[in-house]
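Spelled out, the chains give:
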Amino acid sequence: MQRIALLLTLAILLAGCRAPRRQRPAPTLPTEAPAESPALTVPQDTPSPTALPVATPTQEPRPEHTPVRVTPGSYEVVYRTGEYELKGYLCLPKGEPPFPAVIYNHGGLGDQIGGAPAETCEALAEAGFVGFSPLRRPTMSMEGHLDDVLAGVDYVKDLGYVDLDRLAIMGFSRGGLLTFMAGTVAPDDFKAIVIMAPAVKILEGYLAEAGKISAPVLLLVSENDNVQQNHIRSSQELNQALLSAEKQVEFLILPPYQDDGHMIFFEVGEYWKYVSQFLQEHL
């Protein structure tokens, strides 16, 4: 009996060894990152940290002497004509560019300046124009003076805020003569020309060039501007030359001014309303 019981116990032990083991369930991998370690995402519009920014220009580069932002006011500037470095007054108006522009050419001889370059420049800006009054080389002779005027025109044309289709030129006395001459050698540049009491000498030799003028002309002189020279006669002759060439010209004889009508243009006075109206009309 003991032997049989021993054999049964042994059989039970062997059967237990062959029984299959229960397998642990396979671990389930999380489909989302745990809350304490969120996944890192990069927005699509964020540049790569190694990428360099690229600047995209929004406008054409401006000339070096042109302000990026136009600030109204009056400035003393320098411009060049050949070997000469000359000064000028630049006056900028309020508003949004591009602006019409007017070049004013003063009178006088040598280092004596006739007219009102600074005041005229400021009056032009107040009327809505870019005003530029170049100061020519201080010589009695006119040699090179036309070059100075044309260099002043080129200076204004290089300003990035000037409308080149609305450019005018004006002048007084010798500057009036030079304004007429500039209008004959560069007729395509100007949409309006204002000439005040043009100088008598030399003008007669240029009257035959009146046919080259292409812009409308406003011609002004005072009724008693015959003290220093007869500027009434020179104005009448220029008016007649322009009319004979079938050019558009307005000729105004202003009332007498004090003891010398030539002095009426040494300040921005009553006559200015005619100048401003003419420029507004044609620019």
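Here, the structure is the one placed above.
Residues numbered from 1 in each chain as written. Predicted model: local features only at pLDDT ≥ 70, side-chain atom pairs only at ≥ 80, totals over all residues. Heavy atoms only, no water.

**Q** I keep staring at helix α2 (residues 117-126) and nothing clicks. Help me out?
**A** Each α-helix winds once per 3.6 residues, and so residues spaced three or four apart point in a common direction. Those residues of α2 lying buried are P117, T120, C121, A123, L124 and A125. Where α2 is buried, its residues contact β2 (84-92), β3 (99-105), β5 (112-114), β6 (130-134), β7 (162-172) and α7 (272-282). At the exit of α2 stands G128, carrying a positive phi of roughly 100°. (Buried < 20%, exposed > 50% of the residue type's maximum accessible area, 1.4 Å probe, protein only. Helix = DSSP H or I, 4+ residues; strand = E, 2+ residues; numbered from the N terminus. Contact = heavy atoms within 4.5 Å.)

**Q** Would you mind showing me how to read the pairing of strand β9 (residues 217-222) here?
**A** Two faces make up the sheet, and in a regular strand the side chains alternate between them. Within β9, six of the six residues are buried, leaving the element largely enclosed by the surrounding structure. Here β9 shows no split at all, with V217, L219 and V221 on one side and L218, L220 and S222 on the other all buried. Taken together, the four bridges between strand β8 (residues 192-196) and β9 define a ladder with parallel strand orientation. Along β9, the bridge assignment pairs V194 with L218. Relative to strand β10 (residues 249-254), β9 runs parallel, the two being bridged by six bridges. (Pairing = 2+ DSSP bridges.)

**Q** What exactly am I supposed to notice about helix α3 (residues 145-157) here?
**A** With 13 residues, α3 extends 19 Å between its outermost C-alpha atoms, agreeing within 8% with the 18 Å of an ideal straight helix rising 1.5 Å per residue. Buried residues of α3: H145, L146, D148, V149, A151, G152, V153, Y155 and V156, and no others. Packing partners of the buried residues in α3 comprise β1 (73-81), β2, β3, β6, β7 and α4 (174-185). (Expected span 1.5 Å × (residues − 1).)

**Q** What should I look at first to understand the packing of α3 against α4 in this one?
**A** How two helices sit against one another is set out by the angle between their axes and by the gap between those axes. Look at α3 against α4: their axes get within 10 Å of each other, and the N-to-C directions meet at 70°. Between α3 and α4, the crossing angle belongs to the class labelled roughly perpendicular. For the pair α3 and α4, the sense of crossing is right-handed. Residues H145, L146, V149 and L150 of α3 lie in contact with α4, whose contacting residues are R174, L178, M181, A182 and V185. In terms of residue class, the contact of α3 with α4 is built from seven nonpolar, one polar and one charged. (Axes fitted to C-alpha atoms, helices over the stretch in contact; angles between N-to-C directions. Parallel < 35°, antiparallel > 145°, perpendicular 65-115°, else oblique. Left-handed = near helix turned anticlockwise from the far one by under 90°. Nonpolar A, V, L, I, M, F, W, Y, C, P; charged D, E, K, R; others polar.)

**Q** Whenever I open this one, the nonpolar core confuses me. Can you help?
**A** Of all hydrophobic cores here, the largest spans 44 residues; its most connected members are L90, V130 and Y161. Listed in part, the 27 residues of the second largest apolar core include M170, F172, Y257 and V275. (Core = buried A, V, L, I, M, F, W, Y, C linked by side-chain atoms within 4.5 Å.)

**Q** Even after reading the chapter, I still don't get unusual backbone geometry, so can you show me in this structure?
**A** The phi torsion of most residues other than glycine is negative, and most of the peptide bonds are trans. P97 connects to P98 through a cis peptide bond whose omega is 5°. When you line up the elements, P98 lands in the loop between β2 and β3. Residue S173 is not a glycine yet carries a positive backbone phi of 60°. The topology assignment puts S173 in the loop between β7 and α4. Residue class for S173 comes out buried when judged on its relative accessible area of 11%. The phi dihedral of E246 falls on the positive side, at around 60°, and the residue is not glycine. Residue placement: E246 occurs in the loop between α6 (231-244) and β10.

**Q** I tried to follow the side chain of R137 on my own but got confused; where do I start?
**A** On the secondary structure map, R137 appears in the loop between β6 and α3. Classification of R137 as buried rests on a relative accessible area of 11%. A distance of 2.7 Å separates a polar atom in the side chain of R137 from a polar atom in the side chain of D148. Sequence-distant contacts of R137, defined by excluding residues within four places in its chain, comprise T81, Y84, L86, E143, G144, H145, D147 and D148. (Polar contact = N/O pair within 3.5 Å; in protein donor to acceptor, adjacent residues only side chain to side chain.)

Function cannot be inferred from these measures alone, as they are strictly geometric.
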